[in-house]
Every structure is written in structure tokens, then in C-alpha cells.
Amino acid sequence: MATSLDTLLADHLLSAIVFLPLATVLLLALADGLFRLPETIWRYTALASSLVGLLLALALWQRFDPASSGMQLVERAEWIPSWGIHYSLGIDGIALLLVALTSFLLPVVLLASWTDIHARVKSYLFFMLALQTGMLGAFLALNLFLFYVFWELMLIPMYFVIGIWGGPRRIYATLKFFIYTMVGSLLMLVGILVLAWLHQSQFGSPSFEYYGANGGTGILDLSIPNAGGPWWQRQGFLFGVFALAFAIKVPMFPFHTWLPDAHVEAPTPGSAVLAGVLLKLGTFGFVRYALPLFPQAALDFAPWIVGLAVIGIVYGALVAWVQSDLKKLVAYSSVSHMGFIVLGLFALNPQGVSGAVLQMVSHGVSTGALFILVGMIYERRHVRELDAFGGLAQAMPVFAAFFAIATFSSVGLPGLNGFVGEFLILLGAFQTLPGATVIATSGVILSAVYMLWAMRRVFFGPLANEANKTLVDLGLREKLVAVALVIPMIWIGVHPSTFTNPMDRAVTELLETMTRRGADLAAWQGRDAADEPRLAAEAELETSR
Amino acid sequence: MIPAIDVAAVAPMIPVALGVLCLPMLDTALRATPELLGQRVSAARRGTYLASASVLFLAASLLLTLNAFSAPPRVFNPDFEMVKMDGVALFLMSIVLIGGMLTVLASARYLEHIHSNWGEFYVLVLSSVTGMMFLVAASDLIMLFLALELMSIPVYALAGFRRASLRSNESAVKYFLIGSFASGILLYGSSLLYGATGSLELSEIATSFDPENALDLVGAGLVLIGLGFKISSVPFHQWAPDTYEGAPTTVSAFMATAVKVAAFGALLRVLNVGLAPVSESVYGVLWVLAALSMTVGNVMALIQRNTKRMLAYSSIAHAGYLLVGVIAGGEPGVQSVLVYLLTYTFMTIGAFTVVSVLTRDGAELDRIDDLSGLAQTRPALAAAMSICMFSLLGMPGTAGFIGKFLVFSAAVQSGLATGSSSLVWLVVIAVLNSAISLGYYLRIPATMYFYPPRDDAQPGKATFFEGLALCACAAAVLLLGLLPHDALPGLSALLQMADVNVLQLASDAAASFAH
């Protein structure tokens, strides 16, 4: 009996992870309709469900085999077979890390917002858990149709969370967020349709499957010309529409304008999840879809994208520097840090891409932590202006300590998580994009400038403001949340191989797929035949490390 | 000499037609009966009985229609093809009947609250539905005109049903004038086609159609213009916003869905059967109409403050999306139009029904601001409205997305097959228009959820029938959105019929269309 349950779970682990949150809230809603459950039941059940989700993610990690290639734990069920639309889920190393991040952040965020949200709590929990299902589904979907469904469905819970529990300009912010994101996705829909029907003209039947089912063909087997043929069948157009949707999500300059409003106006848990996970979906989209499917176009567009990434890094940092609102400062720092991730991705070498993926996880943890910590002080003082604070370290020393750790993590102090990712990105990017890397490194300095200056204005100096003198330090729940966030910061910083090992295979495969599908990565990386022996020796050195 | 007609061929239409005859008698009988089943027969109860009877007649027709799907097609008159009961006709008949049922369910209480609770309402609805059923099956020009008139004239009267309201009268007069004008144009076009080709049957017109002959082209053009009015495509759309806003809300629902479905059925048949030789040039013109309808509809809807008017412009925009499917043509195109019409019916009637439920004691709460805080005062209504709104904007997971997905898919397929980019451009325009439509569709859930309820707000409460209609719409939107393949196996098991697979039905219907 136990073993059959075990195998049942093993066969459907991914589905369980994806649908557990939604199933929980649907059951709660049903029970609520019949019995009128009190809010505390909802809160504890949601928290328990999110912790079970985290346990499932850990089980997934344990079951994941870092050495094998391709997708693992694949589940497939027929949905609309005549169009090649299937319910396909699968995981690779990169998705594993992001699923772990998502599963980790939800219980932390729920615990952090325990007293933050007090009106319409049941709806809030409903939307947060529904959002969780949407995000996990998008990371695990292997069918483009399914991916698109999850990609769009995520928007609805976020729309409601910002719109109902947000700040004064929440309605403007949430509409802007929704419309901006959906415009990009709608154009991506055209691209997806073209791909599916291209599959029909090349292989006889339409398919939205990324990898072929049962040895059949999938989208990844399509040969998409980079030149010649109608404009809408070329890699350029297809990459463009996919990249636009993802660039809006990341967000890349100049498509970032929805982010400051959405982050600032969203309630703390909303901001934490938005910055922690939703933004990563954009970069994940590049890694999973845009780069491997359209490699030649990716290389053609890469100079522009790298340019925009670098602009984003510097611009984000400069604007963050002049902010007087603490939450807006963190929001713009997100723009800056996501620029680093895109830079690492488009270095298109193992270090760059690994660094980018690791930084996705790191940034999720650091920025999530920063938003949660800002939320804690906002809950007490109901202001976020930097000049309303000062000398807080004297009133709330524990809070100051945790905020300092989060700041250093975000800045990239060696020993904490931010450093490893940033270092790998800069290392990788310097090999292929030296000029851009030099400019990007200034972003590291700038991030230290604005974060440390903000910290100084908030925590150090004289405790002048009367309102600040009576502030209560972190309670047990808040300390728990803070410690939970600090642990991965230290772990990633000190022992990153736990996190880089699972993704190594996936990163190599990404680059291999790009080369196999026609991208001249060697030229992009500036290599030629003379470099081969040196590079082979370097690769030897790395694998032996 | 009675021709050898097979009445059983048009069996689906018979129950509704019988209903038209029986309902007035039932109404009179009920008026004469002070007490029935131990309860006093008040005006409201009379309305409920009549509504139930109408639903029964419509359901009987629906049963016969679904039955006819699995049976081999019957020919009504072997000498002269007046109606063609093929898969497309049956599919659209089902949609029209479902639309009629939902309208009737939503109207019973609503009519009482707008002080227009007369039994004639149901007679008019059933007459119009009879006309629609013949319209989607009509395969000759006279039948087309007859059915069109049988469909339209009751709706003119229905638009003005709220006699005491100036807006209702205005809506009826506008609709009547423009609708009659459109029917006249259609009739003139038909006469030209008859003159040019010598035949009234659509299939024979196709064989004798001469693309060089001006008479043929003008006739075809006029017929299309007449139908264009009925589907409220730009530039023939001007009547729609005023008419939808002024008419009683459930009548607007009926007009927005069933009338449009039937008109699109006629359009499909005329284009694919009658005008097949010139379909290329016609599609060129329709391309422009589609692009204009989508754009004008969506842009104008952005500035509306009245929910019904906004839904009117939204239906103009959806006519544009549907035309994309019509232009895509072939089997995928026709299938996409059929499924889109089905999904569109559910979501639009759902939206209009929510507005009609809010009506109370003559006060119609049809401004968007009236929906403020509905999530807190009427959470179930707000949820139903949100589902319909997200479906109308095409959110994946809802039926609206499946409809749009199919239409865009058919267009892309057609573009790939012919190698032309014009359809792909149209899809890009459609997609950008969907983005524009977010601006007004999102306003409704935002108003309901993000704003507090108004102090003086007294929204109505739904009765059982309205609740049933809303549940059916919301469930259909979600089911068709998530499981379009087997949306109705449970229902078909209930009806002990062959597995009704919506997509397969539509696909089969499209495959055997015009052959």
C-alpha cells in the first residue's frame, strides 16, 4: 500500500507540485461555502499546504538526477490530440532551481504577511496560492500551449492582489502591469501558432509539444529559416515576438516602466513574489524557449539585447540612487540586477549562463528578503520615505542586522549569494563581451553606493525622529522569516555547488542545442581554431575542480 | 399536387414553431385561471409558467437537433433545395436554441421588474428562434429572406418591449428602420442574383455565377451588405450601440448572441456555397471589414460608461474576430467560426444576464459605476461577471481563448498553405486589438473588486432561473476553456446520445460543408 502510494506520487510528482496550492484553496473555498470556516483555519491550512509544497520540491530535488540529460520526471496526458496539445510536464536542472525557489518563497511570504493582510484574508490566500500554481506550471510545462495558458493565468491572481490590497495608486499600477504583460504575451501567441502550424507543414501534423512525444517530433525539431521565406516564418520575427514577451517580464529597459509602479503599489507579499519569482519567468523564457528555438536570430539580436541589459543595469542603479522611497529604491535595484542576469545569459558560455541562472535564484532570495524587510518597517510606521527614518539600528538592532545581511547579499559581498552569481556572470561575460562587462561592473559599484547610502540613512546616524524611538523590534515570527531567508543567502554564498551541480547539464545542453540548431557560438565567443587547445585545457581544469 | 416533402427533415424546427402557436393560448388560459396547483396565479407566476413552457419547447427542439447530428442528413424537398440540414446548420441551430433558452431563463424575473411582464415576450422570442433555425439552414435566396425577416421582425418588437421607456422605443425604431433597410438591400441583391444567374438556389447560383458580369457582382455585394448589417460589422454597425443600450437587457443579450449567430450562419453559407467562385475578392473586402470592425469596436468601447453600450461595441469587435475566421475559410476556418460562436454566446449572455439581474423595481443599473463593490454585496454575481469578462478578453483557461485561438490558428494555417501574409497581418491586428480590449474588459472586474460598494446601491437578487442561466454560462465558459474536446460527455450521457465532442462536431460539420 505504501509503495503504491509512493510510486503514484513519484509518477505524478510534478503535477502534485503544480496543483497542490490550487487544489488546497479550491477545497477551502468549497468547505467555506458549506461551513463558513474561520480565517485562522484558512491561514494555517494555506501555510501547511505551502510547507508540503516545499517538502515536495525537496523530494523532487532528491529525485532529480544531475547527470542525465534531457527532461526528467516527464508526465504526459492527452488534451486536444488533433492539434498536438498535450498536458506535458517535465523538469531540467534550471527549472529545478526555480521551482525550488518558488516553493521556498511561498511559505516564507505567507508567514511574513500573517498580520499584514487583515481584510478579505480568504480571497488573499486564494489568489496567492492560485498564483503559485500558475508560476510552477509555467516553469514545468513542456507544451507551448500549456505554457501559454499558465503564463497568462498567472496574471489574474497578481492583478487582484495588487488591485485589492495595494497602495493608493494600486488600480493604475495593476492595470498597467496586466495590460503591459498581456500585450507582449498576445504577440507571443502569434509566434506559438506559427510554430505549431510550421510543425504541420514540416512533419504532417500540428504540434505544440516542445520535445516530441514518444520519440515523435516536437517544436525543437523544426528547421526555421533565418532568412528567406515569408517574414513571419523567419527566426527573426519569431524570436522578436518571444523576446518581447519575455523582455517585458524581466523587465528589460525600456519595457520596465510597469515594474516600479507594480512593486511599490503591491502589498508586501505581492511585491516579494513579484520580484522573487515572476521576474524570473522572463529570463527563464529566454533560456527555455527563445534561445534554443531561434539561436541564429538570438545571435543577431544579441548585441541589441546586451546593450539594453547594460543600459538597464546602469540606468536602474542610477535611478535607484536618487529614490527617496525605500520600496521604490528596491524596485529599481531589481531592474538593475535583472539586467545582470540578461547579460550573463547572452554571454552564451557556460560560466555566463550558469551565473545567470544562479543569480536568478540569488536575486529571488535577496530581493524577496528586502521587500519583506521593508514591509516589516512599513507595517510599523506606515511610511517608506528615507528621511522619515534614521538611527533605526538603535531602536531595532535585530532588524538592522538582518537588513544589513540582505543589503550585502544584494550588493554582492563575497561570502553571500549575490557574489557568486555576479562573479560568474562577469567572468563569463568578460570572455565574450568585454566592453559591456566593464560598463556592467560599474553597476556593482553603483549598487553598493545606493544600498549602503540608503542603509546609512535609515539605520545609522542619530535617532532623531520621535516616532522611531518607540519602534518594537522583530517578533518571533518575523525573526523566523528573516532567518529562513538568510540561510539560503549564506548557503549559496559559501557552498554554491549544491545549486550549480543540478543545472550544469542543462546549461551545457542549452549551448549544445543552440549550436546544433545552427548558431555559430564559437564566433560569438570570439574563439577560433588557435584557441581550442587552451580552452580544452581550461575545461579540464574546471571539471576536475 | 403536394410535393414529396419530408417533414421529418425539419423536425428540429417543429417544437419551436408549435411553441409559437401554443404559447399565446397558454397565456390566455393562465390569465383566465385565478388559481393553479393550489397557488394564486399572479403576473409574476404566470411569467414563470410561460418561461418554463418556452424552455420546454426550446429544449424539445434542441433534443431533436442533437438527435439529427448522429442521424444521416434528411432532404426536405428533393426537387428544390430550400433548407440544408447539414452539420453546420445543426450546430448553429443548437447554439441559437441554447441562446434562446438562456434568454428566456434570464427574462422571467427581469420582465416583472421593468413592468413589462407580458406573455407575448416569449412568443416573440420563439418566433425569432424559429426564423433563426431556418436562416442557418437556408440554401436558397427566398428562404434566406423569409427566415431573415422571421428572425428580425420579432426582435424589432422585442427591442421596444419596454413600452413606457423612451430609450426602448428609440432603440426599436432605430433597429426597425435600419434592419428593414438592410433586409430591403438583401432582397434587391437577391433579385439581381436571380436575374443574373436564373436560379434561387445557392448551389446553382455558384455554378452559373459569372465574375465578369456586373449584375452578379452588384447582387452579391448587396446581399453581403444586407448580412453585414445583421452581424453589425463596421461600417454597418451604427445601429448596434443605441439599440443594445435602449432595449431591455435580456433582449440585448438575445440580439448580441442568437441574432448574430444566425446571421453568421447565413453569411457562411452564402460565401462558401453561393459565392464560392468569387470568394477571393470577397475575402479581400471582408479583410477590410474585419480589421475595421475590430478596431472601431475596441476603440469605441474604451470610452463607454454604460455596460450595455460597452458590450454592444464589444460585440462589434467580436464580429471582426469572427470575420477573420470566415476569411480563413476552408475546414479550419468554418470550424473556428462555429466554435467561436458557441463560446461567444455563453460569455455574452452571461455578461448581459448579470446586468439584468441587478435590475430592481424599474431601475436598471446599467452604468459601469453601478457595479462598484459588487464583489462584496453579490460575490457570486461578481465572480460570474469576472469569468465572462476574462473570457471575452480571451484569457487562456476560458472559452473565449479557445474561440480566438481557433480563429487565429485557422488564419495562420491558411496563411501557411497559401503563402500569403495578409491573413497573418490580420492576426497581428486582431491580437493587438485583443490587447486594446483589455482596457475596457478589465474595468469591470476592477470596478467590482477594487472599489467599495455605493451607499445607495440596491442591486437585485437572482432568482432560481437566472441563477441557473448564470451557472450554465459560467460553467460552459470554464469547461469549454479547459476541456474543449469533451465538453459535454456528461450531458450526452444524460441524454443517452452519442458522445458529443464539440470540437469534433464542428470539425465534421466544417468538413462536409458545401460538398
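Structural data are supplied above this passage.
About the cut-offs
Residues numbered from 1 in each chain as written. Chains lettered and ligands numbered in written order. Predicted model: local features only at pLDDT ≥ 70, side-chain atom pairs only at ≥ 80, totals over all residues. Heavy atoms only, no water. Helix = DSSP H or I, 4+ residues; strand = E, 2+ residues; numbered from the N terminus. Rg over C-alpha atoms; globule rule 2.2 N^0.38 Å. Buried < 20%, exposed > 50% of the residue type's maximum accessible area, 1.4 Å probe, protein only. Contact = heavy atoms within 4.5 Å. Buried area = accessible area lost by both parts, 1.4 Å probe. Salt bridge = Lys/Arg side-chain N within 4 Å of Asp/Glu carboxyl O. Polar contact = N/O pair within 3.5 Å; in protein donor to acceptor, adjacent residues only side chain to side chain. Nonpolar A, V, L, I, M, F, W, Y, C, P; charged D, E, K, R; others polar. Phe/Tyr/Trp six-rings, centres within 6.5 Å; stacked < 30°, edge-to-face > 60°. Lys NZ or Arg CZ within 6 Å of the ring centre and 35° of its normal. Expected span 1.5 Å × (residues − 1). Patch = residues over 30% accessible without salt bridge, like charges linked within 9 Å, V, L, I, M, F, W, Y side chains within 5 Å. Areas by Shrake-Rupley, 256 points an atom, 1.4 Å probe, with all protein chains shown as cover. Core = buried A, V, L, I, M, F, W, Y, C linked by side-chain atoms within 4.5 Å. Axes fitted to C-alpha atoms, helices over the stretch in contact; angles between N-to-C directions. Parallel < 35°, antiparallel > 145°, perpendicular 65-115°, else oblique.

**Student:** Explain the overall build of chain A to me, using residue names and the numbers behind them.
**Tutor:** Within chain A, the regular secondary structure consists of 23 helices and 2 strands. Scaling as 2.2 N^0.38, a compact globule of 545 residues should have a C-alpha radius of gyration of about 24 Å, and chain A matches this with 23 Å. Along the first, second and third principal axes, the C-alpha atoms of chain A reach 70 × 60 × 45 Å. Of all 545 residues assigned to chain A, the portion counted as buried reaches 63%. Contacts in chain A between residues far apart in sequence, at least 24 positions, make up 80% of those at least 6 positions apart.

**Student:** Explain the interface of chain A and chain B to me, and be specific about the residues and the numbers.
**Tutor:** Put simply, an interface is often sized by how much accessible area is lost when its parts join up. Contact with chain A, which involves 38 residues of that partner, is made by 42 residues of chain B. Buried area between chain A and chain B, summed over both chains or domains, comes out near 3600 Å², and the portion from carbon and sulfur atoms is 83%. When residues of chain A are sorted by the area they lose upon contact with chain B, Trp83, Trp197 and Trp232 of chain A head the list and together hold 17% of the total. Applying the counting rule to chain A against chain B returns 0 salt bridges. The interface formed by chain A and chain B contains 6 residue pairs in polar contact (both at pLDDT 80 or more). Listing elements by their share of the side of chain A that touches chain B, those giving two or more residues are β1 (72-80), α6 (144-153), α7 (155-165) and α8 (170-203) of chain A. Looking at the side of chain A that touches chain B, the element that brings in the most residues is α8 of chain A, giving 17 residues. Among the residues forming the side of chain A that touches chain B, the class breakdown is 30 nonpolar, 5 polar and 3 charged.

**Student:** Talk me through the packing of aromatic side chains; I want residue IDs and the actual numbers.
**Tutor:** Tallied over the full model, the rule gives 55 aromatic pairs over all chains. Both rings, one in Trp231 of chain A and one in Phe237 of chain A, keep their centres 5.1 Å apart while their planes meet at 85°; by these two values the pair is edge-to-face. Of the residues examined, Trp231 of chain A reaches a relative accessible area of 27% and is grouped as partly exposed. Between Trp491 of chain A and Phe499 of chain A, the aromatic rings sit 5.6 Å apart at their centres with planes inclined by 70°, giving edge-to-face as the arrangement. With a relative accessible area of 10%, Phe499 of chain A lands in the buried category. Site record: aromatic cluster; members linked through ring pairs are Tyr124, Phe126, Phe127, Tyr159, Phe160, Trp165 and Phe178 of chain A together with Phe390, Tyr449 and Phe450 of chain B. Positioned over the ring face of Trp151 of chain A is Lys249 of chain A, at 5.1 Å from the centre of the ring.

**Student:** Please provide a residue-by-residue account of helix α11 (residues 279-302) of chain B, values included.
**Tutor:** Residues and elements named next belong to chain B. Taking 1.5 Å per residue as the helical rise, α11 with its 24 residues ought to reach 34 Å, and the 34 Å between its terminal C-alpha atoms agrees with that figure. What α11 keeps buried is the set Ser279, Val282, Tyr283, Leu286, Leu289, Ala290, Ala291, Ser293, Met294, Gly297, Asn298 and Ala301. Close packing links the buried residues of α11 with α8 (214-230), α10 (249-274), α12 (307-328) and α17 (422-441).

**Student:** Can you lay out the side chain of Ser107 of chain B for me, pointing to particular residues and giving the numbers?
**Tutor:** All names here are of chain B. Within the secondary structure layout, Ser107 lies in helix α3 (residues 87-113). Within the structure, the side chain of Ser107 is placed 2.6 Å from the backbone oxygen of Thr103, a separation counted as a polar contact. Apart from the residues lying within four places of it in its own chain, the contact partners of Ser107 are Phe121, Tyr122 and Thr250.

**Student:** Let's hear about helix α17 (residues 417-432) of chain A: which residues, and what values?
**Tutor:** Residues and elements named next belong to chain A. The first and last C-alpha atoms of α17 sit 24 Å apart over 16 residues, in line with the 22 Å expected at 1.5 Å per residue. All buried positions along α17 are accounted for by Asn417, Gly418, Val420, Gly421, Glu422, Leu424, Ile425, Leu426, Gly428, Ala429 and Thr432. Elements in contact with the buried residues of α17: α13 (326-347), α14 (350-381), α16 (397-411), α18 (434-459), α20 (476-494) and α22 (521-524).

**Student:** Please give an account of a nonpolar patch on the surface that cites residues and values.
**Tutor:** A grouping of Ile5, Val7, Ile14, Leu18 and Leu21 of chain B is seen on the molecular surface, where their side chains present a nonpolar patch of about 420 Å² in accessible area. The topology assignment puts Leu21 of chain B in helix α1 (residues 13-32).

**Student:** Explain the nonpolar core to me, using residue names and the numbers behind them.
**Tutor:** Phe178, Leu195, Phe208, Phe239, Phe242, Phe286 and Phe346 of chain A are the most contacted members of the largest nonpolar core, which totals 410 residues. Looking at this core, the element that brings in the most residues is α10 of chain B, giving 17 residues.

**Student:** Pulling in residues and values, what's your account of unusual backbone geometry?
**Tutor:** In this structure, the amide linkage connecting Val250 of chain A to the following residue, Pro251 of chain A, adopts the cis form with an omega of -5°. Within the fold, Pro251 of chain A resides in the loop between α9 (235-249) and α10 (258-265). Between Val234 of chain B and the following residue, Pro235 of chain B, the backbone shows a cis peptide bond with an omega angle of 5°. Position of Pro235 of chain B relative to the elements: it lies in the loop between α8 and α9 (239-246). Although it is not a glycine, Leu73 of chain A adopts a positive phi angle of roughly 50°. Inspection of the secondary structure puts Leu73 of chain A in strand β1. Exposure remark for Leu73 of chain A: the relative accessible area of 25% places this residue in the partly exposed category. Non-glycine residue His115 of chain B carries a positive phi angle of around 55°.

**Student:** Can you tell me about the packing of α6 of chain A against α7 of chain A, naming the residues and giving the values?
**Tutor:** All names here are of chain A. α7 packs onto α6 with a crossing angle of 5° between their chain directions and a minimal axis gap of 5 Å. By the angle between their axes, α6 is roughly parallel relative to α7. In this structure, α6 contributes Trp151, Glu152 and Leu153 to the contact, and α7 contributes Leu155, Ile156 and Pro157. Tallied by class, residues from the contact of α6 with α7 come to 5 nonpolar, no polar and 1 charged.

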